[in-house]
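Okay, here's what each chain looks like letter by letter:
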Amino acid sequence: MNVLDSELMIAALLREGYSLAESMKKADIILFNTCSIRQHAEDKIYSALGRLRLVKEAHPEKIIGVMGCMAQKDNSLIFKRAPFVDLVLGPGQIARLPELIEKIRAGQGPQMELSLERRGRGRHEVEDSFDFYDPMREATARLNPFMAYVRIMFGCDQFCTYCIVPYVRGPEQSRPVGEILAEIRQLVDQGCREITLIGQTVSKYHDKTSGTSLSGLLEMCERIAETTNLERIRFVTSHPNSMTTDLFEAVRDLPHVMPYFHVPAQSGSNAQLKKMNRGYSVEKYREVCHQIYETVPGAAITSDFIVGFCDESEDDFQQTIQLVEDIRFKNSFIFKFSPREGTKAYELWEDNIPDEVKRRRNNELLAVQNRISTEDSEKFIGQEVEILVEGTSKNANKLTILEGQDSNFYENSHDPNAILQLTGRTPCDRIVVFDGPRSLIGEIKKVKIVKASPFTLFGE
Ligand code: 5AD
Ligand code: SF4
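Residues numbered from 1 in each chain as written. Chains lettered and ligands numbered in written order. Predicted model: local features only at pLDDT ≥ 70, side-chain atom pairs only at ≥ 80, totals over all residues. Heavy atoms only, no water.

Turning our eyes to something else, we now look at the overall build of the protein. A count of helical and extended segments in the protein gives 15 helices and 17 strands. At 22 Å, the protein has a C-alpha radius of gyration in line with the 23 Å of a compact globule built from 460 residues. Expressed as lengths along the three principal axes of its C-alpha atoms, the size of the protein is roughly 60 × 60 × 50 Å. Looking at the protein as a whole, 55% of its 460 residues qualify as buried. Considering only intrachain contacts with a sequence separation of at least 6, the fraction spanning at least 24 residues in the protein is 74%. Per element, the accessible surface of the protein, about 19900 Å² overall, is 50% carbon and sulfur. Treating the 57 positive side-chain charges of the protein as one cloud and the 67 negative ones as another, the clouds have centres 3 Å apart. (Helix = DSSP H or I, 4+ residues; strand = E, 2+ residues; numbered from the N terminus. Rg over C-alpha atoms; globule rule 2.2 N^0.38 Å. Buried < 20%, exposed > 50% of the residue type's maximum accessible area, 1.4 Å probe, protein only. Contact = heavy atoms within 4.5 Å. Areas by Shrake-Rupley, 256 points an atom, 1.4 Å probe, with all protein chains shown as cover. Lys, Arg positive; Asp, Glu negative; His and termini not counted. Charge placed at Lys NZ, Arg CZ, Asp CG, Glu CD.)

This is the structure:
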């Protein structure tokens, strides 16, 4: 979500005649697009801001902005903790970025624009004030011109008891189908070969006017792919309660829709799932996974887990291990519980699992997942896989554009025949590294796998 928001911010400024600076040092405007999902993400921003204090003293004309979820959550506290910040802008207000920067440049002082009043827990006290339309897309603002995210939903209404997202990203809303398809066509015209439909709970997608669900939307995307260079369609993140047979069948039947599902489980224990307000039992979760595997041959499932949530017992944790063993996720993103002020868990329960226990459980679960990932990766040795070549491996997955070091990483060597270490992904989203010329970037290619590590396949 933040990668997309950053792209839109960059695009908004490019259209006003700004350009990306080569480094933070050379920049006239420094914007931090922030996350508040865990304390650690916020701490990193406050320390990065701290490092800019002297820079701002020496160069008062430099504009420093804090954008995104932490801006929404901490709002005026940011001006207190870092009084030299000029701009605080919540998510969903990206369209206003150029105008606010102009105001600051015109000497109108620090500016703050938030998306909505903070919501009461579990209630919809405030109507949203979100900007529905993502501004025009701009290929040069993307990390990779061949791949793009497309927002299909805003916000979240799930109110998991540990999670800050519903408070900072606002109520769940589906974007109208017409807008989404128009944006996809625009992206395809710009040369996009892969689009990923994104939202906090995309499986709940529902266009009010046309009644379109996610499976219907995928079908419409498939129609676009049939007649254009669009090759791959993905969607993240799904919630098990809204994943129905039509979705699995759509993924099975639509050749351009990739057999990849990100379905966070969070825990394998019913007591924990209940306390988390996830809305499903572990039995229901397992059933969804089995249905995926039965309906979609070769499908990969990935998950998120929180360890050390309030009252998590050793037995609860062992049930999480068992779930990972049984479902054999392609990989899992594992997080230590981090209490977030304003959430139900923060208000009602003690964060009573000591950090060393959280750390141990994190490592233990990671070790099980790594073993499974290694075993499953090794099965690919000797096989031929189809990948979309994304770029050189040196820069893969790095938000270099945000560091301003190498904003055009796919174009940074001028010899078109030079053999580079390239990277791409399989339909199931496994990373493949192989040697080849730059001209392959943006192409779909077959690669033979010769070696495997837990999260990377090496091919020829
Ligand atoms: N502490 C730790 N992890 C969290 N997540 C969400 N909120 C918290 C929290 N307070 C994790 C969940 C979610 C992922 C994006 O972040 O696993 O799926
Ligand atoms: Fe947070 Fe739960 Fe919504 Fe995901 S579904 S964004 S974990 S509240």
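This brings us to the site of ligand 1. Neighbouring ligand 1 are the residues I37, R38, Y162, Q266, D304, I306, F335, K336, F337, S338 and R340. Within the contact set of ligand 1, an oxygen atom lies 3.0 Å away from a side-chain nitrogen or oxygen of R38. Within the side chain of D304, one N or O atom sits 2.6 Å away from an oxygen atom of ligand 1. Protein contacts shield 87% of the accessible area of ligand 1, which totals 400 Å² for the unbound molecule. Those elements that place two or more of their residues in the shell around ligand 1 are β11 (300–307) and β12 (332–336). Looking at the shell around ligand 1 residue by residue, the class counts come to five nonpolar, two polar and four charged. (Near = heavy atom within 4 Å. Polar contact = N/O pair within 3.5 Å; in protein donor to acceptor, adjacent residues only side chain to side chain. Nonpolar A, V, L, I, M, F, W, Y, C, P; charged D, E, K, R; others polar.)

Right, let's get into the sheet that holds strand β5 (residues 147–151). Strand order in the open sheet formed by three strands is β5-β8-β9, and the pairing between neighbours is parallel. Either end of the sheet is taken by a strand with one partner, and the two such strands are β5 and β9 (232–236). Neighbour-to-neighbour, the strand axes of this sheet turn through a mean angle of 25 degrees, independent of strand direction. Running at roughly 160 degrees to β9, helix α8 (residues 214–227) makes contact with β8 (194–198) and β9 of the sheet. (Pairing = 2+ DSSP bridges. Axes fitted to C-alpha atoms, helices over the stretch in contact; angles between N-to-C directions.)

With that settled, the discussion passes to the packing of aromatic side chains. Taken as a whole, this structure holds nine aromatic pairs when the rule is applied. Look at Y162 and F309: their rings are 6.0 Å apart centre to centre, the planes differ by 80 degrees, and that puts the pair in the edge-to-face class. Of this pair, Y162 sits in the loop between β6 (153–154) and α6 (165–169) while F309 sits in the loop between β11 and α12 (314–327), and the two are 147 residues apart along the sequence. An identical accessibility class is assigned to Y162 and F309; each is buried. Pairing F248 with F261 gives two aromatic rings, centres 6.2 Å apart and planes at 65 degrees, and the pair type is edge-to-face. Taken as a pair, F248 in helix α9 (residues 245–253) and F261 in strand β10 (residues 260–262) lie far apart in primary sequence, 13 residues in all. (Phe/Tyr/Trp six-rings, centres within 6.5 Å; stacked < 30°, edge-to-face > 60°.)

The next thing to look at is the sheet that holds strand β15 (residues 431–437). Ordered in space as β13-β14-β15-β17-β16, the five strands form a closed barrel in which the pairing is mixed. For this sheet the average axis-to-axis angle between neighbouring strands, irrespective of direction, equals 55 degrees.

This part takes up helix α14 (residues 355–378). The terminal C-alpha atoms of α14 lie 34 Å apart, and with 24 residues this matches the ideal 34 Å at 1.5 Å per residue to within 8%. Every buried residue belonging to α14 is among V357, K358, R361, N362, L365, V368, Q369, I372, S373, D376 and S377, and all of these are buried. In this structure, the buried residues of α14 make contact with β11, α12, β12, β16 (444–453) and β17 (456–459). (Expected span 1.5 Å × (residues − 1).)

A few words on the pairing of β17. Examined bridge by bridge, β15 and β17 share three bridges and lie parallel to one another. When the sheet's bridge partners are listed, I431 is paired in β17 with T456. Relative to β17, β16 runs antiparallel, the two being bridged by four bridges. Bridge pairing in β17 places I449 opposite G459. Hairpin connection between β16 and β17: a loop of two residues separates the two successive antiparallel strands.

What describes two packed helices is the angle between their axes and the distance between those same axes. The geometry of helix α11 (residues 282–295) relative to α12 is characterised by a closest axis approach of 11 Å and an angle of 15 degrees between their N-to-C directions. Between α11 and α12, the angle falls in the class roughly parallel. Note on packing geometry: the crossing formed by α11 with α12 is right-handed. Across the interface between the two elements, V282, Y285, R286, C289, H290 and Y293 of α11 pack against Q322, L323, D326 and I327 of α12. (Parallel < 35°, antiparallel > 145°, perpendicular 65-115°, else oblique. Left-handed = near helix turned anticlockwise from the far one by under 90°.)

Fair warning: the whole summary comes from geometry, so function is off the table for now.
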